[in-house]
Amino acid sequence: MEKTYKIMTFGCQMNANDSEKLSGLLKQMGYVPTEDTESADVVIINTCSVRENADVRVYGNLGAFKAIKRKKPDMVLAVCGCMMQQPEIVDAIRKRYKQVDLVFGTHNLHRFPQLLMNYLQSNERLIEVWDDNPEVIEGLPVDHKYDFKSYVTIMNGCNNFCTYCIVPYTRGREVSREPEAIIDEVTALAQKGCLEVTLLGQNVNSYGMNLKQTYRFADLLRDLNEVAGLRRIRFMTSHPKDISDEVIDAIARCDKVCPSIHLAIQSGSTAILKAMNRRYTKEYIMDLVDKIRAKIPDVVITTDIIVGFPGETESDFQDTLEVIEHCRFDAAFTFMYSKRSGTPAATMDNQIEDAIKHDRLNRLMATINAISWDINQAYRDRVVEVLVEEQSKNNPDRLTGRTFNGKLVNFTAGVQSIGEIIPVKILETNSFSLKGEAV
Ligand code: SAH
Ligand code: SF4
Ligand code: F3S
């Protein structure tokens, strides 16, 4: 019988793309995917540690595998991803989670086939985590979830050390892939029918800084815009401090580059931004957003905001609301500050009470949702081009997809349109999505 595998993925798109690589490697080894976790021969949990609840969920999952493995003792349970780059977490797994057979980190993912073989031969638990990886490993097989849209990681790591953030510790220093490798990958994807790529990096605007040649993110956008067959180029995330005029112009001019920018501002208070080590000010954000909106018609700008960072006063929070009212973001991911041990903010002595964090989060969400509602209303009666992605989870008669500028659309159309770009007329809108029908 064929051996099966199941991968559980937490965290961001980088982790999702890593899981696609693990899936590609497992398929190369002859394994087939299964949805039935309890019967799988290999289970991989790809972890995230960006906020505390991510950690807690992984520990809960690991706990459940104790019973699952009693019923299927030959199951191989592997754990990888960002949590494994923290020595105290690997220690906890070593001592308290004996059901885990294999541990590896973000820098040695390519070693997985070898580690699995070694484990299967010795039957002894194996822990291998590398501290850092100066080079990008090219040529791993990627088992893309969809044929028509794909993630393409263009850089690994982060050098920004925002004081709240664990990512620079779990993903190591920033390294960009060579442009040729990216262009070849995207060309090959387009030849196989891929219409949309999403370029991934913690800070895509600093792409190319470590390359020997002078080649920046704007160059990459312009080169990828020439790839035949490709229709849409998305990218994330943009750090406000590094988005150059050249990048803004490239987005405005390249017809395949989606006018959709995830510009994570984190806060609107200059004092808090300074304490976060974000290296920009309240005024800078507002001017930047004004400039982007002036240069790129129909642009969708989304953001991430953290409330309750150590020392955040009510007046700091008011600055955040003011910036949001000024910038009118299309949508925002909102988070309560979560203490990550090992980061500078975790030991700051002016931590904010949970009740205040909750209250600010509620007020923040109300402000954002009202703006999103308003912006989305303007789409009513418009005909938009939608890349049809899948059937809606709660209603199989409806399909979901995204507009060129990234708005989520629910609509009625034939299932055969999945994977195509079709015109949809918008009939109804709310804060989170547009609703319509194919025309
Ligand atoms: N590189 C991206 C962010 C990656 S993490 C960027 O800089 O834009 C995704 C989001 O998680 C961040 O934008 C931030 O809003 C949030 N986040 C990171 N660390 C956090 C923490 N300790 N507590 C709460 N939210 C956090
Ligand atoms: Fe974290 Fe800041 Fe790097 Fe984003 S830019 S990954 S928030 S350190
Ligand atoms: Fe989480 Fe690691 Fe991404 S910490 S958000 S999976 S880079």
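Residues numbered from 1 in each chain as written. Chains lettered and ligands numbered in written order. Predicted model: local features only at pLDDT ≥ 70, side-chain atom pairs only at ≥ 80, totals over all residues. Heavy atoms only, no water.

## Considering the packing of helix α8 (residues 245-253) against helix α10 (residues 282-295)
Relative to each other, α8 and α10 sit at 30°, their axes nearing to 10 Å. The angle between α8 and α10 places the two elements in the roughly parallel class. Pair α8 / α10 crosses with right-handed handedness. Contact with α8, carried on its side by D245, I248, D249 and A252, involves L288, K291, I292 and K295 of α10 and no other residues of that element. (Axes fitted to C-alpha atoms, helices over the stretch in contact; angles between N-to-C directions. Helix = DSSP H or I, 4+ residues; strand = E, 2+ residues; numbered from the N terminus. Parallel < 35°, antiparallel > 145°, perpendicular 65-115°, else oblique. Left-handed = near helix turned anticlockwise from the far one by under 90°. Contact = heavy atoms within 4.5 Å.)

## Notes on the domain arrangement of the protein
Interface size is often expressed as the accessible area that is lost when the parts come together. Domain assignment breaks the protein into domain 1 (4-128), domain 2 (149-376) and domain 3 (380-438). Domain 2 and domain 3 are separated by 25 Å when their C-alpha centres are compared. Contact with domain 2, which involves 20 residues of that partner, is made by 20 residues of domain 3. Together, the buried faces of domain 2 and domain 3 total about 1600 Å²; carbon and sulfur atoms form 50% of this surface. The largest per-residue losses of area from domain 2 upon contact with domain 3 belong to R232, W373 and N376, which jointly make up 39% of the total buried on that side. Counting across the interface, domain 2 meets domain 3 through three salt bridges. R382 is paired through a salt bridge with D298; the nearest N and O atoms lie 2.9 Å apart. Elements represented by at least two residues in the side of domain 2 that touches domain 3 include exactly β11 (232-236) and α12 (354-377). By residue class, the composition of the side of domain 2 that touches domain 3 is seven nonpolar, four polar and nine charged. (Domains from an automatic or database assignment. Buried area = accessible area lost by both parts, 1.4 Å probe. Salt bridge = Lys/Arg side-chain N within 4 Å of Asp/Glu carboxyl O. Nonpolar A, V, L, I, M, F, W, Y, C, P; charged D, E, K, R; others polar.)

## A few points about the site of ligand 3
Taken together, G11, C12, N15, C48, S49, V50, C82, R171 and Q202 make up all the residues around ligand 3. When its residues are assigned to classes, the shell around ligand 3 shows four nonpolar, four polar and one charged. (Near = heavy atom within 4 Å.)

## Some details on the pattern of salt bridges
In the structure shown here, the tally under the stated rule is 33 salt bridges. Of the charged contacts, one joins K27 and D143 as a salt bridge, the two residues approaching to 3.1 Å between their closest N and O atoms. Here D143 lies in the loop between β6 (126-128) and β7 (149-153) and K27 lies in helix α1 (residues 13-28), a separation of 116 residues in the sequence. The class for D143 is partly exposed, based on a relative accessible area of 22%. The salt bridge involving E138 is made with R177; its shortest N-O contact spans 2.8 Å. Of the two residues, E138 is situated in the loop between β6 and β7 and R177 in the loop between β9 (175-176) and α6 (179-191); the sequence distance between them amounts to 39 residues. What makes E138 partly exposed here is its relative accessible area of 37%. Salt bridges linked by common partners bring E312, E314, D359, R360 and R363 together as one network. (Buried < 20%, exposed > 50% of the residue type's maximum accessible area, 1.4 Å probe, protein only.)

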